[in-house]
Amino acid sequence: MQASIETLSDGSEYVGCALFLTVRKLGTRAPADDDNESGHLDFDTSAGSDEDGKIVARYSLTGLPSLTGRISADQSFKLLQNGAFRAVLLPALKSLGGLPSLFLNLLSSGYRLATAEDDGSWTEDSKPGPQIYDAISVIGPPGTGEKLDGILEIMFGNRRSRPAIRLCNVPDRRGWFEVYSDSYVLIWGRLVRGEAVSVVYLVSLPSAGDTDQQKSCTFAILPEKLASLDAIWDTFRELPHTVVANKNEESHLIDFVIHLNPNIISGTQHLNQGTKRQKTGRTKVASHQVAVPSWIEESRLVRAHLATVSNGRPGESSTRPRILQRARRQALRLNKTLPFAFPFNEQSESSQSASWDDNGKTTALAYQLFPGTSVKFKRCNDTVTGASPFSFVARNNCLKDVDSNEDMGLENPAVEALRCAFLDRPSVCENDENEIELDSDGDVENEDEAKEDIVIPCPRLIVLGTGCAKPSPSRGSSGYGILLPSGDQERPSSLVLSCIIECGEGTLTGLSRHLPPICCRSPGHSTSLDAHLSHVCFLWISHSHLDHYGDVCELVERIAHAKRRSGQRSDGDGRLVVIAPSKVLKMIDLMRQGTNHGGPMKRSYLGVTHREFQSSPFARDIRSSVCNFELRYPGQSTHYRPFTTLCNVEVEHCRDAHAVILEMEVPSSRPNCSLERLTVCFSGDTRPSDNLVGHCRRCTGRISLLIHEATFLHDGHGKSEAKKKNHSTTIEALDIARRIDAGACLLTHFSQRYQHVNYADV
């Protein structure tokens, strides 16, 4: 057997850690590698780990972040392959974002189901068969059961079957408890209390190295900084008897510890450049120092340390992308061709060193875990100084470069017209001989003339995802942001994110990559993304399919955090408004441990369904908060209210599916015109809708932009599938644009079966 830890995400780019323990059955004995006995780890970039043997077991060690599905597609990581997936370990209750997506995939992957009994209880289906894989186990702190029951109830409701899930809550008592075991692993858990309840896990694997001579391998997983460092490490002052009994007197009791996003003391990146090893595909592994109690190092309890680091790796530029490499490469190509249409911003949060109390503490060298790598357990002699129980292997061969000659639909008349219209026009930043330098000492004689010189940017729609349900490496789930002109003393004229329509998984990562950077000198704004999110008025979700709301809980949390830090009033108009189906609102409440209309959630957001927002007298204040939302007029001290009307329109797709018509008045760049009308219609998922056409024709002015789903091409198969699944084809969407006389039409929500939708297809 060969065990390894696969890193999909290291916690960067607003995505939680995604680490998986994988056990493979080897066909032949792997050769021993003695290179690591020097105390330096090598990073083998010559081969991937997916070719080393048949996968027989896989376990999630850090919960599941909401972006797990798309990261897996990007890295060719087949999570549910051959029914090998066994269990999910939750270090804390906040690492649940990817469970809804996992549960949906279990239905179609041959895993055991649960059936409803007459008394409302659920029992595992005992149907035998070679294609029925065993139920998934979920282990977590107290409260995990209530969360899982709530997620399953919201997602599957009155259905007669749902995935069979086996639950284990770590007991709320002192000591280690065996929480899971099977033929390959034995897992213990222990609670730690701090800002929130978290769990420290011990995992033991018999004969886990590259030969069967190794008696066992034991490693620990330390949760993120939800408790004090001392409280976490004190759990190791006593260990399960099995762990101690399997080690000899000269061995370390714990082979290595995985630190999840620890405080960084200092970091280095050991790159072995210009050596023979690099020429053969090997480089040094990045590492940094993490704080540990002195008694840990003195007692020889732990042999080695691994760590994840959020928002950047020590020794590297903080702007280096971490995940979704294929999408990044494609975005860069599009940005190079049409930069005005495909903005790409590689600025991100920097990795910061944390201050810490050095009383009774020291530092330990922790090797860096980062996406696209595997850490293989290996046989090593514990008496050798500096010997390491693992070796690093890159999975870079699974990341296929986008062919530079691949047809992406960039060579067609429409794109060429856009190039001529936008790229060939004079820049508004060209120097003028009468221009006043900002750093000059000259006074502005006429303040009104200075204001007129301020260029008011045009409103912008930023598209974060044009895909549908199935995760894709290059096409994200639905997500759109509207940026409107604003300004303040620091930036007289800029675009700020004002509302978000749909938020499929990866919306936060997409916003961080593609929003234009803005100044964030305010002490409340730690990043440019926070500055944008603090301006968001509302979040609108069309219906309750997961590819349209997969990132909603993380997004609501982040927006609420940004608004609090910006100093906005949280008990009045400053609160975020979420307009969504009741099912989505329930999911937000469940995942954030609150209720929609009181308790801890009262200061976070205002939730309302489409029908309530449209006509309920109880939603009058929420409607007013949208219509009275204000932005500062660029270059002036006055404010304007951009959102004049928000109309929800029922469409034909699923229960509670809606489209939205948003009428706005925005600052105009035309002379003698302070505000101009702009109307955007978003169809959501729907068949061609006469109801939507009627509402668009009754609008005050012409629809400026129609964003319409076009899931299928207009061929025989596409038309049949569109009728069957209540979607639209490309030609049907354009016909709706013609019927409402839209100024422009943006087609979106393409089936992932189409790698590219070219101009000729439309």
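Note that the coordinates shown come from a computational prediction; the quantities given were computed from them, not determined experimentally.

A. The overall build of the chain, seen in detail. The helix and strand tally for the chain stands at 20 helices and 35 strands. Looking at the chain residue by residue over its 762 residues, the buried ones come to 55%. Accessible area for the chain stands at about 33900 Å²; split by element, carbon and sulfur atoms hold 46% of it.

B. Expanded view of the state of the cysteines. This model, assessed by the stated rule, comprises zero disulfides. Considering cysteine sulfurs only, Cys537 is the nearest to Cys627, which forms no disulfide, with 8.8 Å between them.

C. Empty space enclosed by the protein, seen in detail. Scanning the model with the defined rule gives three cavities of 30 Å³ or more in all. Taken as a whole, the second largest cavity encloses approximately 70 Å³ of empty space. Every residue along the wall of the second largest cavity is listed here: Gly97, Pro100, Leu546, Tyr549, Gly550, Val552, Cys553, Glu554, Met587 and Met591. Those elements that provide at least two residues to the lining of the second largest cavity are α13 (546-549), α14 (552-566) and α15 (582-591). Among the elements that line the lining of the second largest cavity, the one with the most residues is α14, at three residues. Considering only residue class, the lining of the second largest cavity consists of seven nonpolar, two polar and one charged.

D. Region of interest: the pattern of salt bridges. Per the counting criterion, the structure on display carries 22 salt bridges. Put simply, Asp530 and Arg558 hold a salt bridge, and the shortest N to O gap is 3.2 Å. Taken together, the positions of Asp530 in helix α12 (residues 528-533) and Arg558 in helix α14 put the pair 28 residues apart, joining distant regions of the chain. In this structure Arg558 comes out as buried when scored by relative accessible area, which is 18%. The network of salt bridges with common partners includes Arg174, Arg190 and Glu238.

E. Focus on helix α20 (residues 730-740). Burial in α20 covers these residues: Thr730, Glu732, Ala733, Ile736, Ala737 and Ile740. In this fold, the buried residues of α20 make contact with α18 (690-697), β34 (705-709) and β35 (745-748). Asp741 sits one or two residues past α20 and shows a positive phi near 55°.

F. Spatial organisation of the side chain of Ser60. Here Ser60 is to be found in strand β4 (residues 54-60). Here the side chain of Ser60 touches Gly63 through a polar contact of 2.7 Å, landing on its backbone oxygen. Not counting the four nearest positions on each side in its chain, Ser60 is found in contact with Leu19, Phe20, Phe85, Ala87, Val88 and Leu89.

G. How the structure looks around the sheet that holds strand β23 (residues 460-465). The mixed open sheet is built from six strands, whose spatial order is β23-β24-β25-β26-β27-β28. Since the sheet does not close on itself, it has two edges, and those belong to β23 and β28 (605-608), each with one partner. Taking the axes of each pair of neighbouring strands and ignoring which way they run, one obtains an average angle of 25° across the sheet. Of the pairings in the sheet, the one linking strand β25 (residues 494-503) to strand β26 (residues 538-540) comprises three bridges and is parallel in character.

H. Main features of the packing of aromatic side chains. As enumerated under the stated definition, the model contains 13 aromatic pairs in all. Relative to Phe643, the ring of Phe538 has its centre 5.2 Å away and its plane inclined at 70°; by these criteria the two rings are edge-to-face. With Phe538 in strand β26 and Phe643 in strand β31 (residues 643-650), the pair connects residues that are 105 residues apart, well separated along the chain. Grouping residues by exposure puts Phe538 and Phe643 together as buried. Each residue in the set Trp176, Trp233 and Phe236 is aromatic and connected to the rest through ring pairs, giving one cluster.

I. Region of interest: the nonpolar core. Ranked by internal contacts, the top residues of the largest apolar core, which has 63 residues, are Leu102, Phe103 and Val552. For Phe103, the contacting residues outside a window of four places in its chain are Leu148, Ile151, Leu152, Met155, Phe156, Pro163 and Ile165. One finds Ala57, Tyr59, Leu61 and Leu369 within the second-largest nonpolar core, a separate group that totals 38 residues.

J. Representation of the sheet that holds β34 in the model. Across the sheet, five strands lie side by side as β31-β32-β33-β34-β35; this open sheet has mixed pairing. Each edge of the open sheet carries a strand with a single partner, namely β31 and β35. Neighbour-to-neighbour, the strand axes of the sheet open up by a mean angle of 15°, direction not taken into account. The pairing of strand β32 (residues 658-667) with strand β33 (residues 675-682) spans eight bridges and is antiparallel. By the bridge assignment for β33, Val660 is matched with Phe682.

K. Broad picture of unusual backbone geometry. One non-glycine residue, Asp656, adopts positive backbone phi at about 65°. Looking at the element boundaries, Asp656 is found in the loop between β31 and β32. With a phi close to 60°, Asn726 is a non-glycine residue in the positive phi region. With respect to the helices, strands and loops of the structure, Asn726 is situated in the loop between α19 (716-725) and α20.

Each value, and the rule that gives it
- Residues numbered from 1 in each chain as written.
- Predicted model: local features only at pLDDT ≥ 70, side-chain atom pairs only at ≥ 80, totals over all residues.
- Heavy atoms only, no water.
- Helix = DSSP H or I, 4+ residues; strand = E, 2+ residues; numbered from the N terminus.
- Buried < 20%, exposed > 50% of the residue type's maximum accessible area, 1.4 Å probe, protein only.
- Areas by Shrake-Rupley, 256 points an atom, 1.4 Å probe, with all protein chains shown as cover.
- Disulfide = S-S within 2.5 Å.
- 1 Å grid on protein atoms, 1.4 Å probe; cavity = no way out; pocket = protein on both sides within 12 Å on 5 of 7 lines; lining within 4 Å.
- Points joined across faces, edges and corners; volume = space filled by probe spheres on them.
- Nonpolar A, V, L, I, M, F, W, Y, C, P; charged D, E, K, R; others polar.
- Salt bridge = Lys/Arg side-chain N within 4 Å of Asp/Glu carboxyl O.
- Contact = heavy atoms within 4.5 Å.
- Polar contact = N/O pair within 3.5 Å; in protein donor to acceptor, adjacent residues only side chain to side chain.
- Pairing = 2+ DSSP bridges.
- Axes fitted to C-alpha atoms, helices over the stretch in contact; angles between N-to-C directions.
- Phe/Tyr/Trp six-rings, centres within 6.5 Å; stacked < 30°, edge-to-face > 60°.
- Core = buried A, V, L, I, M, F, W, Y, C linked by side-chain atoms within 4.5 Å.

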